[in-house]
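What follows is each chain in one-letter form.
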Amino acid sequence: MGNLARINGGECADHHVLWSNFDLRFGVGHTVTDITCFQTCFSCVSTPQITILIPDDFDDDDFYLMNWTLDQIQSFSPDAASFAAGQKLGKAGQWLTTGESENALWGECQGSGKNPYQIRVDKREFAYRCTCPSRKLPCKHVLGLLILAANDPKAVPQKDQPDWITEWLGGRDERTQKKQEKAATPPKPVDEKAQAKRMEQRQNRVAAGLEQFTLWLNDIARTGIAGLERKPLSFWEDQTKRLVDAQASALATRLQVVAEIPGSNADWPEQLLGELGQLALLVEAYQNSETLPGDLQNEIRQLIGWTVDQNELAASGETVTDCWGLLGQSYQQSGKVQTQRNWYYGVETGRPLLLLQFAAGNQGFAEPHLPGSFGDGDAVFWPGTGKLRGKFLKREINQNAETMFPMLAAHTIPVFLDSVADQLAVQPWLDIVPALLKDVIVCHIDGTWKISDSEGKSLPLAGNDHWLLHAIGGGHPVTLFGEWNSRTLMPLSVWANDRFYHQFPFSRTS
Ligand SMILES: [Zn+2]
């Protein structure tokens, strides 16, 4: 390619937006020698253009050599301080040795101890280890090595693996094999009597909790919802806590979301009534679940807060082999627990898979999941009607988004809405549905953000700042992935200009 690149969109007053866009497309760490802006207005010109001059030594290959983008590395940093510390270490002078092989990245970094810390990253599954005493996962050294590889690929040269890397990878392979063997052998017999007793205790606790919750709902129905927007937060929080104590944690999380509705917008009474009705229906369905089909029973138990144990998953979970791409990530805070939703899609099967991770306090999530990564693997789905939630038995990152993303089955807006209607008919409590929509244009009309297709069908977007998204699309149709909650679509990633972009800074307000 030449040394002039052109990207669409952006506000001239805000170069940061454009820089991050630029970084994603052309690799990080190249000095831009000049940036010229043509000031245009988004409302009247569909494709404003910004011209960026790329320095002569820019090597297109660098982008492909790069393992992860800074954005991705930031997305799995345990906190901002670790990422900042990682950035300081992400410079060639900070390392005694570094290297990369087909399967691993490694480096040695002098810390405060006598011996240098040894940092290793398994590229196949994205696992890592560092010999430093930090409890952060990943620690700043791992982040530093990844940032160095992203910023300056030449500083992490291709080499033969040292013995300590070969041994570590060998040990990991051995453990993976043992795990697979263990998963294939029948589980040990459990103390059935003790288990039945624990089960009964829990059932009683949940039943009592739901009875109390029904009284609370009936109280609201009797006194009406007028004035609920002026209730103190404790009105909702106390009830949420009671449900948690009754081990109906999933129901508690739903109630927490409902608590944000009163007073949030002009239509809140209607919305609240609908949501409370859904909760009442869910409780009733649980109390009468023996009359329902098995899949639905399973689903309802999970919606209340029963977890699926590993034996049950091995026995009744459905296993699907495919090439899985991670299309988006979102977060939800519930008390001290943070939930991470990872949305995978199967290229062959077209099936979405929701992989949940939980983290307490400010601990990081156990496994990093890389948005935009694609790889072959076996997934197992939780039993139930939705068959959305799942996890990987194994998955290797061995494909690239450039080839795989265009093969994903994206839908038009009408086809997507039809499929949502079908899903809701089976499971009326479905609160969040993944949406992969093709040929949609991001528009900003009268202060409202939406996406629309060529036939004028549109969906409103959640949040009120989508300028970056707008800039990436530049007024052209894109493929967009997001979470649909039957009211608004929260965009999580977009495929445009043959590239994958994810994580748009915005907040969901409705
Ligand atoms: Zn470390």
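Please read these numbers as outputs of a predicted model, since none were measured by experiment.

(A) Molecular detail of the overall build of the protein. What the protein contains, in helices and strands, is 15 helices and 18 strands. Out of the 510 residues in the protein, the part that is buried amounts to 32%. Sequence-distant contacts, at least 24 apart, represent 64% of the contacts inside the protein between residues at least 6 apart.

(B) Molecular detail of the sheet that holds strand β4 (residues 97-100). Here we have four strands laid out as an open sheet, ordered β4-β5-β6-β7, and antiparallel in their pairing. Bordering the open sheet on either side are β4 and β7 (127-130), each of which pairs with just one other strand. Along the sheet, successive strands turn relative to each other by an average axial angle of 5 degrees, direction set aside. As defined by bridge partners, β4 adjoins strand β5 (residues 104-109) across four bridges and the pair is classed as antiparallel.

(C) Geometry of the nonpolar core. With 46 residues, the main nonpolar core has Leu436, Leu437 and Ile451 as its most contacted residues. For this core, the leading source of residues is strand β13 (residues 433-445), giving five residues. For this core, the domains that each give at least three residues are domain 4 (316-406) and domain 5 (410-502). Dropping the residues within four chain positions of it, Leu436 is found in contact with Leu327, Tyr345, Leu408, Ala410, His411 and Phe481. In terms of nonpolar packing, the next biggest core, distinct from the first, is built from 26 residues, Phe83, Ala104, Ile147 and Ala149 among them.

(D) Spatial organisation of helix α7 (residues 192-223). For α7, which comprises 32 residues, the first-to-last C-alpha distance of 46 Å matches the rise-based estimate of 46 Å (1.5 Å per residue) to within 8%. Along α7, the positions that sit buried rather than exposed are Val206, Gly209, Leu210 and Phe213. Its buried side turned inward, α7 meets α8 (233-245), α10 (268-287) and α11 (294-304). Looking one or two residues past α7, Gly224 carries a phi angle of roughly 90 degrees, positive in sign.

(E) Focus on the environment of Gln329. Tracing the sequence through the fold places Gln329 in strand β8 (residues 318-334). Gln329 gets classed as buried once you count the C-beta atoms within 10 Å, which come to 21. Separated by 13 residues in the primary sequence, Gln329 and Asn342 place their C-alpha atoms 4.8 Å from one another. The contacts of Gln329, once residues within four sequence positions are left out, are Ser75, Gln340, Arg341, Asn342, His369, Pro371 and Leu492.

(F) Representation of unusual backbone geometry within the structure. The backbone of Gln247 shows a phi angle near 65 degrees, a positive value even though the residue is not glycine. Counting through the fold element by element, Gln247 comes out in the loop between α8 and α9 (249-258). When the 19 C-beta atoms within 10 Å are taken as the criterion, Gln247 is described as partly exposed. Positioned with a positive phi, Ser486 is a non-glycine residue whose angle comes to about 75 degrees. When you line up the elements, Ser486 lands in the loop between β16 (478-484) and β17 (489-496).

(G) Representation of the sheet that holds β8. On the basis of which strands lie adjacent, the open sheet formed by five strands has the order β10-β9-β8-β11-β12 and antiparallel pairing. If you trace the sheet from one side to the other, it starts and ends with β10 (352-360) and β12 (390-399), each paired once. On average, each strand axis in the sheet is inclined to that of its neighbour by 35 degrees, with strand direction left out of account. Of the pairings in the sheet, the one linking β8 to strand β9 (residues 337-346) comprises 10 bridges and is antiparallel in character. For Ser334, the partnering residue across the bridge sits in β9 and is Val337.

(H) Representation of the packing of α8 against α9 in the model. Relative orientation of the contacting elements α8 and α9 amounts to 165 degrees, with a least axis distance of 8 Å. Taken together, the axes of α8 and α9 are roughly antiparallel relative to one another. You can see that α8 and α9 cross each other, and the crossing is left-handed. Side by side, α8 and α9 meet where Trp236, Gln239, Thr240, Leu243 and Val244 of the first sit next to Ser249, Leu251, Ala252, Leu255 and Gln256 of the second. Classifying every residue of the contact of α8 with α9 by side-chain character gives six nonpolar, four polar and no charged.

(I) Just the confidence of the model for the protein, in detail. Per-residue confidence for the protein gives a mean pLDDT of 81; residues scoring 70 or more make up 84%. Considering only residues more than four positions removed or in separate chains, one finds that residues 1-66, a stretch of pLDDT under 50, has 87 contacts. Confidence drops under a pLDDT of 50 for residues 505-510, and excluding neighbours within four residues, the segment shows 15 contacts in the predicted structure.

(J) Main features of the packing of α7 against α10. Taken N-terminus to C-terminus, the directions of α7 and α10 make an angle of 145 degrees; their axes are 11 Å apart at the nearest point. Our pair here, α7 against α10, has a crossing hand that is left-handed. Contacts between α7 and α10 involve Leu210, Phe213, Thr214, Leu217 and Ile220 from the former and Leu276, Leu279, Ala280, Val283, Tyr286 and Gln287 from the latter.

Parameters and conventions
Residues numbered from 1 in each chain as written. Predicted model: local features only at pLDDT ≥ 70, side-chain atom pairs only at ≥ 80, totals over all residues. Helix = DSSP H or I, 4+ residues; strand = E, 2+ residues; numbered from the N terminus. Buried ≥ 20, exposed ≤ 12 C-beta atoms within 10 Å, placed from the backbone. Contact = placed C-beta atoms within 7 Å. Pairing = 2+ DSSP bridges. Axes fitted to C-alpha atoms, helices over the stretch in contact; angles between N-to-C directions. Core = buried A, V, L, I, M, F, W, Y, C linked by C-beta atoms within 7 Å. Domains from an automatic or database assignment. Expected span 1.5 Å × (residues − 1). Parallel < 35°, antiparallel > 145°, perpendicular 65-115°, else oblique. Left-handed = near helix turned anticlockwise from the far one by under 90°. Nonpolar A, V, L, I, M, F, W, Y, C, P; charged D, E, K, R; others polar. pLDDT = per-residue confidence, 0-100.

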